[in-house]
Amino acid sequence: MKRIKVNGYVILLLLLAVAYGLVEWYRPEPVKWTRTYINTDKIPYGTYALFHLLDEVYPDMPLEVIRVPPYNLLEDSTVSGNYLFIGPDFKADKFDQESLLNFVEEGNTAFIAAETFPPAFLDALRVRTHTSLIGSDSLIHFVNPELGSRKYVLPLRSLSTWFSAIDSSSEDSPEKMTNALATADSSATFGSPSIFSITESLSGKSNFIRVPYGNGNFYLHSQPIMFSNYHLLRNQGHEYAFRALSYLPAHHTWWDEYYKQGRVGSRSLFGIIAKYPTIRWAWYLLLFGLLLYVIFRGKRRQRVIPLIEPPKNTSLEFAGVVSSLYYNQRDFKDIGMKKAWYFEEFLRNRYQEASESPHQDPEFIARLAAKSGIDKQNLEELFHSIVYTRAADFISEEELHSLNQQIEDFYRLRT
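Residues numbered from 1 in each chain as written. Predicted model: local features only at pLDDT ≥ 70, side-chain atom pairs only at ≥ 80, totals over all residues. Heavy atoms only, no water.

Student: So what's going on with unusual backbone geometry? Residues and values would help.
Tutor: Unusually for a residue other than glycine, Tyr37 sits at a positive phi of about 60°. Judged by relative accessible area, which is 0%, Tyr37 ranks as buried. If you check the backbone angles, Arg126 has positive phi at about 60° while not being a glycine. Its location among the elements puts Arg126 in the loop between helix 5 (119-125) and strand 4 (128-132). Here Arg126 falls in the partly exposed class, since its relative accessible area comes to 44%. (Buried < 20%, exposed > 50% of the residue type's maximum accessible area, 1.4 Å probe, protein only. Helix = DSSP H or I, 4+ residues; strand = E, 2+ residues; numbered from the N terminus.)

Student: Before we move on, could you go through the side chain of Asn82 and cite the residues and values that matter?
Tutor: By the element assignment, Asn82 lies in strand 2 (residues 82-86). In this structure, Asn82 is in contact with Met61, Phe103, Thr109, Leu248, Pro249, His251, His252, Thr253 and Trp254, ignoring residues within four places of it in sequence. (Contact = heavy atoms within 4.5 Å.)

Student: Please give an account of the nonpolar core that cites residues and values.
Tutor: If you look at the biggest cluster of nonpolar residues, it comprises 35 residues, and the most contacted ones within it are Leu50, Phe111, Ile140, Phe208, Phe227 and Leu245. Those elements that provide at least two residues to this core are helix 2 (48-57), strand 2, strand 3 (109-113), strand 5 (139-142), strand 8 (179-184) and helix 7 (237-245). When residues in this core are grouped by element, the largest group, five residues, is from helix 7. With residues up to four places along the chain from it excluded, the contact list for Phe111 reads Tyr83, Leu84, Phe85, Phe208, Tyr219, Phe227, Ala244, Leu245 and Leu248. Core analysis: the next-biggest nonpolar cluster, separate from the first, contains 28 residues, Ala110, Phe121, Phe163 and Tyr258 among them. (Core = buried A, V, L, I, M, F, W, Y, C linked by side-chain atoms within 4.5 Å.)

Student: So what's going on with the environment of Gln236? Residues and values would help.
Tutor: As for its position among the elements, Gln236 is in the loop between helix 6 (229-232) and helix 7. Once the C-alpha coordinates of Gln236 and Arg150 are considered, the two residues, 86 residues apart in sequence, prove to be 9.7 Å apart. Residues in contact with Gln236, not counting those within four places in the same chain, are Arg150 and Tyr152.

Given below as structure tokens:
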């Protein structure tokens, strides 16, 4: 029975893996403050709460998630309703922008909450943005009196995006003018007096606007954090979010997840490994263990290869066995016939000479003597012995030896 050797490195690696697994299992998961705005994330800056409450708050507004580029969805002219995007950055390319503009121009609605927008997209809507610092006492309120006069606390962040230089030309009708829907309170300030010597009022600055486009409307919001789980569940944040979304008509709504989690790369194997800390560290541990194995156990280990002798040429032994078999049977005529037959076959192959009656064919004897260098008399005696062997009923052992000696002399003396 083969004895199994215990490898100390393998045992150590297994113990480390078990210890790490136990530590990770009982360790409380840290709060993840990444601003994903993904509808399945329950972290502070996900949108799980908003997504699952929309059906209850607006039952007449069916909600459907899309994970393809807007161009793929909106190229179908029969698609209508509301397009809703909440994310850190709106990174639509020119094809998606063109499809979205055509979608709204036909009388549909797009609600986009993001901190940054493509410049070409803002130029098409004749809207500009700028970034400002805000203080800890900044408040925001809706312009529409029907939404109440409550003031909502802005998220305490170092930088915030605002809409400015809103184009509302007098030549346009009021229905076609860009409107501010939520603005900063008059007490809101830019900067902190303890750090900056100059402060700027945010009064009149808008973070939520309506931009008419064709027969539809764009609703742009520059602070998507107001729709996150964290702000939806504190300081009446849910009231602000649902009042802002109340501008959407009661139609089918497409919730866009493509620019946040719908890309192929985020669903790949390495994307999943990078997303979850426990899987990521398990992957690192596996790679480290493989590295240790390559360093300490990567050398070739096997039994000594035995020395194998090359096969021997046993043709001579075989010939000896066969000849002994014939010799022991004492059939000297049969052995002599075979010797004669092999000799004549040699003459045909070596000298291209053959004759049915070589002892009666002087020309054959002469040609063979010239080609082989053997004396004619010796050749005549050799062929005479061959004829005698074939004609006799049996031959003696001495006669077989004589025939064999004559043939061997021919092989030895030929040229």
